[in-house]
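Descriptive analysis of the structure
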Amino acid sequence: EDKNIKEFCLLQIKPMVIGTAKKNINISLYKNHKSLVCYSDQVLGDGEIEEISNIIYVDPTTFQRTKTKQIAEEIGSLNKKLNSKKSYALFGPGRWGTSDPWLGIPVNWKQISNAKIIIELGIDNLNPDPSYGSHFFQNLTSMHIGYFSIEKSDYKTIDWNWIDEQKVIK
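All figures in this text were calculated on a predicted structure; none of them were measured in a lab.

Calculation criteria
Residues numbered from 1 in each chain as written. Predicted model: local features only at pLDDT ≥ 70, side-chain atom pairs only at ≥ 80, totals over all residues. Heavy atoms only, no water. Helix = DSSP H or I, 4+ residues; strand = E, 2+ residues; numbered from the N terminus. Buried < 20%, exposed > 50% of the residue type's maximum accessible area, 1.4 Å probe, protein only. Contact = heavy atoms within 4.5 Å. Areas by Shrake-Rupley, 256 points an atom, 1.4 Å probe, with all protein chains shown as cover. Pairing = 2+ DSSP bridges. Right-handed = clockwise from strand over helix to strand, strands pointing away. Core = buried A, V, L, I, M, F, W, Y, C linked by side-chain atoms within 4.5 Å. Axes fitted to C-alpha atoms, helices over the stretch in contact; angles between N-to-C directions. Expected span 1.5 Å × (residues − 1).

Looking only at helices and strands, one finds four helices and seven strands in the protein. Mapped in sequence order, the helices and strands of the protein form the string β-β-α-β-β-β-α-β-α-β-α. Among the 170 residues that make up the protein, the fraction classed as buried is 36%. Taking contacts inside the protein between residues at least 6 apart in sequence as the whole, the part at least 24 apart equals 78%. When the accessible area of the protein is evaluated, it comes to approximately 11700 Å², of which 51% is carbon and sulfur surface.

So, about the pairing of strand 3 (residues 88-93). By the criterion of burial, strand 3 is predominantly enclosed, with six of the six residues buried. In strand 3, alternate side chains face the same way, and those of Y88, L90 and G92 on one face and A89, F91 and P93 on the other are all buried. Relative to strand 3, strand 2 (residues 54-57) is paired through four bridges, and the arrangement is parallel. Paired with I55 across the bridge in strand 3 is A89. Taking the sense of rotation as the criterion, the β-α-β connection linking strand 2, helix 1 (residues 68-81) and strand 3 turns out right-handed. Where strand 3 lies against strand 6 (residues 115-121), six bridges are found, and the strand directions are parallel. Bridged to G92 within strand 6 is E120.

Right, let's get into the nonpolar core. Formed by 35 residues in total, the largest nonpolar core has its most connected members in I75, L90, W96, I105, I112 and I118. Among the elements of the structure, helix 1, strand 3, helix 2 (109-112), strand 6, helix 3 (137-142) and strand 7 (146-150) are those that each provide at least two residues to this core. With five residues, the top contributor of residues to this core is strand 6. When neighbours within four sequence positions are excluded, I112 is seen to be in contact with I75, N79, Y88, L90, V107, I118 and F136.

A few words now on the sheet that holds strand 2. Reading across from one edge, 1-7-6-3-2 is the order of the five strands in this open sheet, with mixed pairing throughout. Where the open sheet ends on each side, the last strands, each with one partner, are strand 1 (42-44) and strand 2. The average undirected angle you get between the axes of adjacent strands in this sheet is 15 degrees.

Our next topic: helix 1. Its 14 residues place the ends of helix 1 20 Å apart at the C-alpha level, agreeing with the 20 Å of an ideal helix rising 1.5 Å per residue. Where helix 1 is buried, its residues contact strand 2, strand 3, strand 4 (95-96), strand 5 (104-105), helix 2 and strand 6.

Right, here's the structure in full:
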């Protein structure tokens, strides 16, 4: 063993945003509330976000894994149109921001920067371990963005009827 060989190790540090909560949230008050759109036990962050005015939704029943790059581009275009004055919830299958387009939708942060809630949906043959927003962790924590993972077996926690009843703008 050569003792002259030097080794350099890099440690990635991701700071947590703490001390910004204005009140305690009792999730049990919301879990079965009649106006609940979705619920998950696998989330990053907590809180109340009231300024949501739109949903960008990639329907898991029509989703095609071969089209994830095109889907990312279209979401980026919609994100640009929905400037910061029109925040939205982002629903879609697989991992958001994945580098592997077969595991989800390979968006970059600029393409989803106006989302206030991001939801990963598991689907048949595409139910990867939750990413908890690891690709965008600093942005999510510093900008107080909710990040949910919902496995296909937990779809009952989503009010699909309410989503389907909403007026489709594009």
